Amino acid sequence: QVQLGESGGGLVQPGESLRLSCTTSGLTFNIYIMGWYRQAPGKQRELVATIPSGGTTNYSDSVKGRFTISRDNPKNTTYLQMNSLKPEDTAVYYCNARITFSSPGRWGQGTQVTVSS
């Protein structure tokens, strides 16, 4: 059974940092492209960052220079380090695992990130 689970969300003030984790089970982790997406209330789900096992990372323009995606293959885990958080980063953050970018892949249930003063 394939499962993905996000953790690490919370409430922080602007300028602070959070580190999200996505743990997986039931899949051959090292062949999957891992990604983080987010969805704010009333908005479409959007790409945050992706990281293939042996390829280059990709970031949306809105988070470049502030967020870092990484993966630990032996732990079947992907991370999203979020620095200099802004109120517009507030959203539910979802983890995704897919073999190719053209496939929908698997999704976690999300973790809430709220940035507010």
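Below is a summary of the structure that appears in this document. From a predicted model like this one, the values you see are computed outputs, not experimental measurements.

### Some thoughts on the sheet that holds strand β3 (residues 18-25)
- Taking strand neighbours across the sheet as the criterion, the four strands line up as β1-β3-β8-β7 in an open arrangement whose pairing is antiparallel. Edge positions in the open sheet fall to β1 (3-7) and β7 (67-72), since each of these has one partner strand only. Recorded for the sheet is a direction-independent mean angle of 15 degrees between the axes of neighbouring strands.
- Bridging between β1 and β3 involves five bridges; their strand directions are antiparallel. The residue bridging Gly-5 from the neighbouring strand is Thr-23, located in β3.

### Details of the environment of Gly-108
- Note on placement: Gly-108 falls in the loop between β10 (106-107) and β11 (111-115).
- For Gly-108, a relative accessible area of 9% gives the class buried.
- Considering only alpha carbons, one finds Gly-108 and Ala-97, 11 residues apart in sequence, at a separation of 8.9 Å.
- If we ignore the near neighbours within four places in the chain, the residues touching Gly-108 are Leu-4, Glu-6, Tyr-94 and Cys-95.

### Brief notes about the packing of aromatic side chains
- Summed over all chains, the structure comprises one aromatic pair.
- For the ring pair Tyr-37 and Trp-107, a centre distance of 5.1 Å and an interplane angle of 70 degrees mean the geometry is edge-to-face. Of the two residues, Tyr-37 is situated in strand β4 (residues 33-39) and Trp-107 in strand β10; the sequence distance between them amounts to 70 residues.
- The exposure class assigned to Tyr-37 is buried, which follows from its relative accessible area of 12%.
- The exposure class assigned to Trp-107 is partly exposed, which follows from its relative accessible area of 34%.
- Lying over the aromatic face of Tyr-79, Arg-19 brings its terminal NZ or CZ to 3.9 Å of the ring centre.
- When the ring centre of Tyr-94 is taken as origin, the NZ or CZ atom of Arg-45, which lies over that ring, is 3.8 Å away.

### Structural notes on the nonpolar core
- Residues Met-34, Trp-36, Val-48, Phe-67, Leu-80, Met-82 and Tyr-93 are the most contacted members of the largest nonpolar core, which totals 26 residues.
- Elements supplying a minimum of two residues to this core: β3, β4, β5 (46-51), β7, β8 (77-82), β9 (91-98) and β11.
- Per-element tally for this core: the top contributor is β9, with four residues.
- Residues in contact with Phe-67, not counting those within four places in the same chain, are Arg-38, Val-48, Tyr-59, Leu-80, Gln-81, Met-82, Asn-83, Leu-85, Asp-89 and Tyr-93.

### Some words on unusual backbone geometry
- The phi torsion at Asn-76 lies on the positive side, around 55 degrees, for a residue other than glycine.
- Relative to the helices and strands, Asn-76 is located in the loop between β7 and β8.
- Phi angles above zero are rare outside glycine, and Ser-84 is one such case at about 50 degrees.
- Counting through the fold element by element, Ser-84 comes out in the loop between β8 and β9.
- Look at Ser-84 and you get partly exposed, because its relative accessible area is 40%.

Calculation notes
Residues numbered from 1 in each chain as written. Predicted model: local features only at pLDDT ≥ 70, side-chain atom pairs only at ≥ 80, totals over all residues. Heavy atoms only, no water. Pairing = 2+ DSSP bridges. Helix = DSSP H or I, 4+ residues; strand = E, 2+ residues; numbered from the N terminus. Axes fitted to C-alpha atoms, helices over the stretch in contact; angles between N-to-C directions. Buried < 20%, exposed > 50% of the residue type's maximum accessible area, 1.4 Å probe, protein only. Contact = heavy atoms within 4.5 Å. Phe/Tyr/Trp six-rings, centres within 6.5 Å; stacked < 30°, edge-to-face > 60°. Lys NZ or Arg CZ within 6 Å of the ring centre and 35° of its normal. Core = buried A, V, L, I, M, F, W, Y, C linked by side-chain atoms within 4.5 Å.

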